[in-house]
2 protein chains.
Amino acid sequence: MTSTALLTDRYELTMVQAALADGTAHRRSVFEVFTRSLPAGRRYGVLAGTGRVLDALASFRFGDAELAWLEAERVVDDRTLAWLADYRFGGTIVGYAEGETYVPGSPLMVVEGTFAEAVLLETLVLSILNFDSAIAAAASRMTSAAVDRPCLEMGARRAHEEAAVAAARAAVVAGFAGTSNLEAGRRYGLPTIGTAAHAYTLLHDDEEEAFRSQVASMGTGTTLLVDTYDVRRGVQRAVAAGGTGLGAVRLDSGDLGVLAIEVRRQLDGLGARDTQIVVTSDLDEHAIASLAVAPVDSYGVGTRLVTGSGAPTCGMVYKLVARADDDGTMQPVAKASTSKTSVGGRKSAARRYGPDGRASAEVVAGGPDDEVAAWSPDDDLRPLHVPLVVDGAIDHRWTGATGVRLAAERHRASRDELPRGARRLSAGEPTIPTERTTVARLAGRP
Amino acid sequence: MTSTALLTDRYELTMVQAALADGTAHRRSVFEVFTRSLPAGRRYGVLAGTGRVLDALASFRFGDAELAWLEAERVVDDRTLAWLADYRFGGTIVGYAEGETYVPGSPLMVVEGTFAEAVLLETLVLSILNFDSAIAAAASRMTSAAVDRPCLEMGARRAHEEAAVAAARAAVVAGFAGTSNLEAGRRYGLPTIGTAAHAYTLLHDDEEEAFRSQVASMGTGTTLLVDTYDVRRGVQRAVAAGGTGLGAVRLDSGDLGVLAIEVRRQLDGLGARDTQIVVTSDLDEHAIASLAVAPVDSYGVGTRLVTGSGAPTCGMVYKLVARADDDGTMQPVAKASTSKTSVGGRKSAARRYGPDGRASAEVVAGGPDDEVAAWSPDDDLRPLHVPLVVDGAIDHRWTGATGVRLAAERHRASRDELPRGARRLSAGEPTIPTERTTVARLAGRP
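Residues numbered from 1 in each chain as written. Chains lettered and ligands numbered in written order. Predicted model: local features only at pLDDT ≥ 70, side-chain atom pairs only at ≥ 80, totals over all residues. Heavy atoms only, no water.

This next bit is on the overall build of chain A. Regarding its fold elements, chain A presents 17 helices and 19 strands. When burial is assessed residue by residue, chain A has 63% of its 446 residues classed as buried. In chain A, once contacts between residues fewer than 6 apart in sequence are set aside, the share between residues at least 24 apart is 75%. When the accessible surface of chain A is summed, it comes to about 15,500 Å², and 49% of that surface belongs to carbon and sulfur atoms. Each charge sign in chain A was given a centre, from 48 positive and 57 negative side chains, and these centres are 5 Å apart. (Helix = DSSP H or I, 4+ residues; strand = E, 2+ residues; numbered from the N terminus. Buried < 20%, exposed > 50% of the residue type's maximum accessible area, 1.4 Å probe, protein only. Contact = heavy atoms within 4.5 Å. Areas by Shrake-Rupley, 256 points an atom, 1.4 Å probe, with all protein chains shown as cover. Lys, Arg positive; Asp, Glu negative; His and termini not counted. Charge placed at Lys NZ, Arg CZ, Asp CG, Glu CD.)

Right, let's get into empty space enclosed by the protein. All told, the structure shown has seven cavities of 30 Å³ or more when counted by the stated rule. If you trace the largest cavity, you find 18 residues lining it, with Phe131, Val306 and Pro312 of chain A together with Phe131 and Val306 of chain B closest to the centre. When its residues are assigned to classes, the lining of the largest cavity shows eleven nonpolar, five polar and two charged. (1 Å grid on protein atoms, 1.4 Å probe; cavity = no way out; pocket = protein on both sides within 12 Å on 5 of 7 lines; lining within 4 Å. Points joined across faces, edges and corners; volume = space filled by probe spheres on them. Nonpolar A, V, L, I, M, F, W, Y, C, P; charged D, E, K, R; others polar.)

Before going further, it helps to spend a moment on the domain arrangement of chain A. With domains assigned, chain A is organised as domain 1 (10-135 + 311-442) and domain 2 (195-296). The gap between the C-alpha centroids of domain 1 of chain A and domain 2 of chain A is 45 Å. (Domains from an automatic or database assignment.)

Before going further, it helps to spend a moment on the relation of the copies chain B and chain A. Least-squares fitting of chain B to chain A yields an RMSD of 0.0 Å, with the superposition described by an axial translation of 0.0 Å and a rotation of 180°. Each copy turns onto its partner about a two-fold axis. By residue overlap, the copies meet face to face through one surface: 100% of the interface positions of chain B are interface positions in chain A. (Least-squares fit on C-alpha atoms with pLDDT ≥ 70 in both.)

Let us now look at the packing of helix 6 (residues 122-146) of chain A against helix 7 (residues 161-173) of chain A. Residue and element names in this part refer to chain A. Running from amino to carboxyl end, helix 6 crosses helix 7 at an angle of 45°, the nearest separation of the two axes being 8 Å. One finds that helix 6 runs oblique with respect to helix 7. As helix 6 packs across helix 7, the resulting crossing turns out to be right-handed. Residues Phe131, Asp132, Ile135, Ala136 and Ala139 of helix 6 form the contact with helix 7, whose own contacting residues are Ala163, Ala166, Ala167, Arg169, Ala170 and Ala171. Looking at the contact of helix 6 with helix 7 residue by residue, the class counts come to nine nonpolar, no polar and two charged. (Axes fitted to C-alpha atoms, helices over the stretch in contact; angles between N-to-C directions. Parallel < 35°, antiparallel > 145°, perpendicular 65-115°, else oblique. Left-handed = near helix turned anticlockwise from the far one by under 90°.)

Let's shift gears to the interface of chain B and chain A. At the junction of the two partners, chain B supplies 93 residues and chain A supplies 93 residues. Both sides of the chain B and chain A interface together cover about 7,800 Å² of buried area, and 56% of this is carbon and sulfur. A per-residue breakdown of the area chain B buries against chain A is headed by Arg157, Leu182 and Leu203 of chain B, which together make up 11% of the total. Between chain B and chain A we count 16 salt bridges in total. Between Asp205 of chain B and Arg323 of chain A there is a salt bridge whose closest N-O contact spans 3.1 Å. Per element, the largest residue contribution to the side of chain B that touches chain A is ten residues, and it comes from helix 1 (residues 10-22) of chain B. Taken together, the residues that form the side of chain B that touches chain A break down as 39 nonpolar, 31 polar and 23 charged. (Buried area = accessible area lost by both parts, 1.4 Å probe. Salt bridge = Lys/Arg side-chain N within 4 Å of Asp/Glu carboxyl O.)

This paragraph deals with helix 4 (residues 78-85) of chain B. At 3.6 residues per turn, the α-helix brings residues three or four places apart onto the same side. Residue and element names in this part refer to chain B. Burial in helix 4 covers these residues: Thr80, Leu81, Trp83 and Leu84. Each buried residue of helix 4 lies within a common arc of 165° when the element is viewed along its axis, so the set occupies one face. Next to the buried residues of helix 4 lie helix 1, helix 3 (64-72) and helix 5 (115-119). (Arc of directions from axis to C-beta.)

Next up on the list: the pairing of strand 10 (residues 276-279) of chain A. All names here are of chain A. Here strand 9 (residues 248-251) pairs with strand 10 via four bridges, running parallel. Of the residues in strand 10, the one forming a bridge with Arg250 is Val278. Following the chain from strand 9 across helix 12 (residues 256-269) to the adjacent parallel strand 10, one finds a crossover that is right-handed. Two strands pair when backbone bridges link them, and strand 10 and strand 11 (residues 298-301) are joined in this way by two bridges, in the parallel orientation. Across the sheet, Val279 pairs through a bridge with Tyr299, a residue of strand 11. Regarding the hand of the β-α-β motif, the stretch spanning strand 10, helix 13 (residues 285-290) and strand 11 is right-handed. (Pairing = 2+ DSSP bridges. Right-handed = clockwise from strand over helix to strand, strands pointing away.)

This brings us to the UniProt feature "domain: Nicotinate phosphoribosyltransferase N-terminal" (unreviewed entry) in chain A. Those residues carrying the UniProt feature "domain: Nicotinate phosphoribosyltransferase N-terminal" (unreviewed entry) are residues 6-130 of chain A in this numbering. Secondary structure content for residues 6-130 of chain A is 42% helix and 18% strand, and the end C-alpha separation is 18 Å. (UniProt positions renumbered as here; feature names shortened; annotations may be inferred.)

Right, let's get into the pattern of salt bridges. Residue and element names in this part refer to chain A. Evaluation of the coordinates by the stated rule reveals 72 salt bridges over all chains. Of the charged contacts, one joins Arg351 and Glu362 as a salt bridge, the two residues approaching to 2.8 Å between their closest N and O atoms. Here Arg351, found in strand 14 (residues 348-353), pairs with Glu362, found in strand 15 (residues 359-366); they are eleven residues apart in sequence, far enough to count as distant. Exposure class is identical for Arg351 and Glu362. Each is buried. Each of Glu100, Arg351, Glu362, Arg382, Arg410 and Glu417 takes part in one network of salt bridges that share partners.

Another aspect to go through is the nonpolar core. By size, the foremost hydrophobic cluster in this structure holds 269 residues, and its most contacted members are Phe62, Leu70 and Tyr299 of chain A together with Phe62, Leu70 and Tyr299 of chain B. Those residues in contact with Tyr299 of chain B that sit more than four places away from it in its chain are Ala146, Arg149, Pro150, Cys151, Leu152, Val279, Leu283, Ile288, Leu291 and Ala292 of chain B. (Core = buried A, V, L, I, M, F, W, Y, C linked by side-chain atoms within 4.5 Å.)

This part takes up the sheet that holds strand 9 of chain A. Residues and elements named next belong to chain A. If you walk across this open sheet you meet the six strands as 7-6-11-10-9-8, and the pairing is parallel. Looking at which strands have only one partner, the edges of the open sheet turn out to be strand 7 (178-179) and strand 8 (223-225). Across three bridges, the pairing between strand 8 and strand 9 is parallel. Looking at the pairing, Leu225 lines up with Arg250 of strand 9.

Residues and elements named next belong to chain A. Note on placement: Arg141 falls in helix 6. In terms of polar contacts, Arg141 uses its side chain to reach the side chain of Glu285, at 2.7 Å. Apart from residues no more than four positions distant in its own chain, Arg141 is found in contact with Arg42, Tyr44, Glu285, His286, Arg424 and Leu425. (Polar contact = N/O pair within 3.5 Å; in protein donor to acceptor, adjacent residues only side chain to side chain.)

Within the structure shown, the criterion is met by twelve aromatic pairs over all chains. Taking the centre distance of 5.6 Å and the plane angle of 50° together, the rings of Trp83 of chain B and Tyr87 of chain B count as tilted. Members of the aromatic cluster, each reached through a chain of ring pairs, are Phe60, Phe62, Trp83 and Tyr87 of chain A. A cation over an aromatic ring shows up here: Arg169 of chain B above the ring of Tyr188 of chain B, its NZ or CZ 5.2 Å from the ring centre. (Phe/Tyr/Trp six-rings, centres within 6.5 Å; stacked < 30°, edge-to-face > 60°. Lys NZ or Arg CZ within 6 Å of the ring centre and 35° of its normal.)

Here the focus is the packing of helix 1 (residues 10-22) of chain A against helix 10 (residues 207-218) of chain B. Running from amino to carboxyl end, helix 1 of chain A crosses helix 10 of chain B at an angle of 105°, the nearest separation of the two axes being 9 Å. Of the possible angle classes, the one that applies to helix 1 of chain A and helix 10 of chain B is roughly perpendicular. Only Ser213, Gln214, Ser217 and Met218 of chain B of helix 10 of chain B make contact with helix 1 of chain A, whose side of the interface consists of Thr14, Met15, Gln17, Ala18 and Asp22 of chain A. Looking at side-chain class alone, the contact of helix 1 of chain A with helix 10 of chain B contains three nonpolar, five polar and one charged residues.

The next thing to look at is unusual backbone geometry. Residue and element names in this part refer to chain A. Residues other than glycine seldom take positive phi values, yet Val147 does so here, at roughly 50°. When you line up the elements, Val147 lands in the loop between helix 6 and strand 6 (151-153). Residue Val147 is classed as exposed on the basis of its relative accessible area of 61%. Backbone geometry places Asp391, a non-glycine residue, at a positive phi of 50°. Counting through the fold element by element, Asp391 comes out in the loop between strand 17 (385-390) and strand 18 (393-394).

Right, here's the structure in full:
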């Protein structure tokens, strides 16, 4: 298992060094992950990456190779190196379940431990959650626009090679049916798809020969790419090669709405009534919505998915919100200068519902640290925090293929209960307001 | 070494299967990487990631684990599995040197081999080049805007954790002075930077105590973050803690231009004339340019760098441009339908210069496959293709820390010779035109 410990900004290690020297490193601390706003016009966010955070945490170890490099580069002093050598996160992490929808201010993850053990995780936690959630948010809009038609992830070539694997995973969390990415299939048990590119047709001396060869190798259920030369002739040759039982044809260029109507008519005329039409050219949620009336059977989405459809990151931050003083009493803390202010103190969260059964508010409750940590909301509120790590023990239910399945279920349920307007693609405000309150007030205490 | 072989779209493997079955898999083939356009308004592109492509190629092996998964999932048949088990890329790759500037149509990389051995690399090559080049292009505009002031990469938290490492590397290729990312430092020998976050100040009972502790641990050369509470008081406390020899103060919020002037005046008034000012809040090339007259010493750039400053990918494609027919004669090929057309045939490239010594055109020369492969341009043209892999042997000069250093040198030289207008940040056309010609015409033959 490769160490994830250096996927970290240098300042986290230098802060640990200084805090070890002055004794504050061991102060109990609470860090919160939240976002100050959604990308412009977005109505909800989608938390994704939790399972990957837990996997990365399991490999967050400073081994000999990492320590030797830190020593050679004099990044930190010997005392700090010794402390890092023994590092195991022994704290507790709660957070929104992966797949959950969120709004600005939602306390998406709460990391509690000593200052030193918790501060070290800042970069890694944010890298994963910011990227995966950006993809999931875009994917959710796409699957929403596609209604019941499957969306297929094909964006690997337009993203960093490992980011592509995470993007495929996040897309499936937000309702995609499969991915072209083999590593994502292997790592997370996702269905993989794909048959041939234009290169395959160009490799052959003529198009029908390429189609016959593909059908001979992959069976009549395959998908033939029909737009290398001329779509009309391509469809003709596809049915000639695959017969009326051909699985699908794929269109990867041109005016897809118009082409799909023509191709459907042509396929039906040739008797290939069950042959499906897959479209794949520069789609995003708006293009998908505009194809709603076209006779398209599934959407392959690439570039716009893996780049977050205009919002390639989420702006989540990892902020110290409370820490112990010398007596061990937890004190809320927050940056207080001109901009980028935060609300200090530990928060928990629950979703409130209206009489129609749909979400009506994000309840974010503060108060004394121990009260918030122990809070469980009333029956009319759905608690949003689930335990992820307890005293260093990772709950592996949220990782691997099971984690992705649970996250996809959570996302579907969470999105279904948002107000109806939440799924509109036009720019708007967050779909539910954030209600800032305290645990005491929620319990009817003053 | 982890295998990179499954960082691949499924259709590449299914194409290999079908081509092995019909005998076309072994046809000599030439694939070209190019981009049809630059991101809207950009005047030049920057090729980055070549060294990473070569590293990834070295690990592109189907080991037992990969083969077992492909077999279990029935991705390909037994013949294909056997072929994959023996897979080693034995072809030849030439391309623009990493760091080189480019324009639309530049043949950035040319991969030659059998169809099967070359088609397999499509996704991995594009993932790396599209991401790394997007970051390098944004970084180049930033370092250009910063003129002689150092730019520092701090964006890990806003990018996928491994993409962040690649982004730091690409930023350094395009002139950044260092990165906060420790893994990038370790893997590519990059300078790493960073001292403390707001959390460090908030951990302590008061700001001056935090500063004193940091100076005690890291020395007076450290950078103190002065905007946790009130910048004016922060600067006062910083000099009180670090003395007039304090290395730097960092501003991470507010109106940085105005603040920098006030802080410079205050530092000078306190006698801390050599204490530098680092600014780090949501910078991009435009913000950097607008700070040109402010007394700022260096720029820390995060989100906008790692998301490509509005262009998170490059749209590079990997297209079959020529392949052998049954006689072994190379035939140019190209998609010919309504949109997304390509120019068939192998191309080479060179840069033409004007009388002022600056680049005046991108000369892209086609012709018979063997002529283009053997072409060397006249003295007034600078050839752009360098050998990267010869008959399967990787030229490791382009990888590791050496590769990054060479790429940074290439980028500086290449950018310096572009027309003066190339460095304007406003939207514009590609800085030099693409001159499509043939090797014969360049040699004065008809």
